[in-house]
Amino acid sequence: MNKRHLLKLTAALAAAAAFGSASAQTPIKFQLDWRFEGPAALFLQSEAKGYYKAAGLNVTIDAGNGSGGTVTRVASGTYDMGFADMAALMEFHANNPDAPNKPVAVMMVYNNTPAAVLALKKSGITKPADLNGKKLGAPVFDAGRKAFPIFQKANGVGNVAWTSMDPPLRETMLVRGDIDAITGFSFTSLLNLEARGVKTEDVVILPYADHGVKLYGNVVIASPKLIKENPAAVKAFLAAFAKGAKEVMANPAATIGTVKARDGIINVALETRRLQLAVDSVIASPDARKEGFGQIVPGRMALMASQVSDAYGTKNRVDVAQVWNGSMLPSAAELNVLPPAKK
């Protein structure tokens, strides 16, 4: 074989190998719980650094419009995996017992729910008991509103009156004085209030996690079809995600550019702060450090299932065995991603 033919053969084999490698990439369609805001960097970092591709995955990440929608779209098969509130997943299972493709939680990310009650100091509300007889506002699908009966029971809060609105109006109505308090994700509503001219020191935040409500927050979910057909792909995704998430938590400011790349009009400083607040309050929380990133405590999950069944008034009781599968979690070393505790 002459040199020219040898070079052609070598080039052909290299092209074939490259094509084979590309075709071996497992496609994963992933939907976030919300828009491309600070916390999305947790997932986008691994995409930007090529960690998913290195794990043999072709991952596409789309924005969401609420945890309920993400759960529904994974159940429909439109998406393979997603990021959603654990309570929303439980509610879907309990209300749709005959659904053929109910998503399953495979990794805990927000060890504590970000849900909180927020009020302005001038309202005189400083503790849960002060909410008795007050007017509260939130969208009907808000996680904090749906779980409020749990907060109410844990803190002996009496009757409250609810006002419903679309998400963009929640903080505006609080600032205008149309309502006395709101429920929402602490790191989202606080920054929304600041954007409306309210100073941080003038906001009262009552996090559910600090007031006797130990609900888990957002989890990575996967379709049972994907889990059955390719559990290795789920495990590879979780390991690659953890690798990027560790970098994000170590230096949020250095990784927020991944979010800017997906939504060019974001306020970088604001979203960096939102991301840092999420890390500090619900991802690297004391509970997360005790239980381990990505993991759950069965007893705590069972209590949450019972509380959600009651507070949400589900058709059936939530079955923990049906909503959680931790068998595809990466190794302990790969899950060692939380930043050092702040002193």
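From a predicted model like this one, the values you see are computed outputs, not experimental measurements. (Residues numbered from 1 in each chain as written. Predicted model: local features only at pLDDT ≥ 70, side-chain atom pairs only at ≥ 80, totals over all residues. Heavy atoms only, no water.)

### Some thoughts on the environment of A154
Consideration 1: Along the chain, the position of A154 falls in helix α7 (residues 148–155).
Consideration 2: The sequence separation of A154 and P128 amounts to 26 residues, and the corresponding C-alpha distance is 9.6 Å.
Consideration 3: Those residues in contact with A154, other than ones at most four positions away along the chain, are H211, G212 and V213. (Helix = DSSP H or I, 4+ residues; strand = E, 2+ residues; numbered from the N terminus. Contact = heavy atoms within 4.5 Å.)

### As for helix α11 (residues 231–250)
Consideration 1: Between its first and last C-alpha atoms α11 spans 29 Å; for 20 residues at 1.5 Å apiece the expected length is 28 Å, and the two agree.
Consideration 2: Where α11 is concerned, the buried positions are A233, V234, A236, F237, L238, A240, F241, A242, G244, A245, V248 and M249. (Expected span 1.5 Å × (residues − 1). Buried < 20%, exposed > 50% of the residue type's maximum accessible area, 1.4 Å probe, protein only.)

### A few points about the side chain of T113
Consideration 1: Within the secondary structure layout, T113 lies in the loop between β4 (104–108) and β5 (115–120).
Consideration 2: Here the side chain of T113 touches A115 through a polar contact of 3.1 Å, landing on its backbone nitrogen.
Consideration 3: Apart from the residues lying within four places of it in its own chain, the contact partners of T113 are Y208, L215, Y216, G217 and V282. (Polar contact = N/O pair within 3.5 Å; in protein donor to acceptor, adjacent residues only side chain to side chain.)

### Some words on the pairing of strand β2 (residues 57–62)
Consideration 1: Residues L57, V59 and I61 of β2 are buried on one face, while the alternating residues N58, T60 and D62, pointing to the opposite face, are not.
Consideration 2: As judged from the six bridges shared by strand β1 (residues 26–31) and β2, these two strands associate in the parallel manner. Bridge pairing links F30 to I61 in β2. (Pairing = 2+ DSSP bridges.)

### Some words on the packing of aromatic side chains
Consideration 1: For the structure shown, the criterion picks out 11 aromatic pairs.
Consideration 2: With centroids separated by 4.4 Å and ring planes inclined at 15°, the aromatic side chains of F43 and F241 adopt a geometry described as stacked. One end of the pair, F43, is in helix α2 (residues 41–48); the other, F241, is in helix α11, and 198 residues separate them in sequence.
Consideration 3: With relative accessibility at 0%, the residue F43 sits in the buried group.
Consideration 4: The ring of Y79 has K29 sitting right over it, with the charged end atom 4.7 Å from the ring centre.
Consideration 5: Residue placement shows K243 over the ring face of Y51; its charged tip is 4.4 Å from the ring centre. (Phe/Tyr/Trp six-rings, centres within 6.5 Å; stacked < 30°, edge-to-face > 60°. Lys NZ or Arg CZ within 6 Å of the ring centre and 35° of its normal.)

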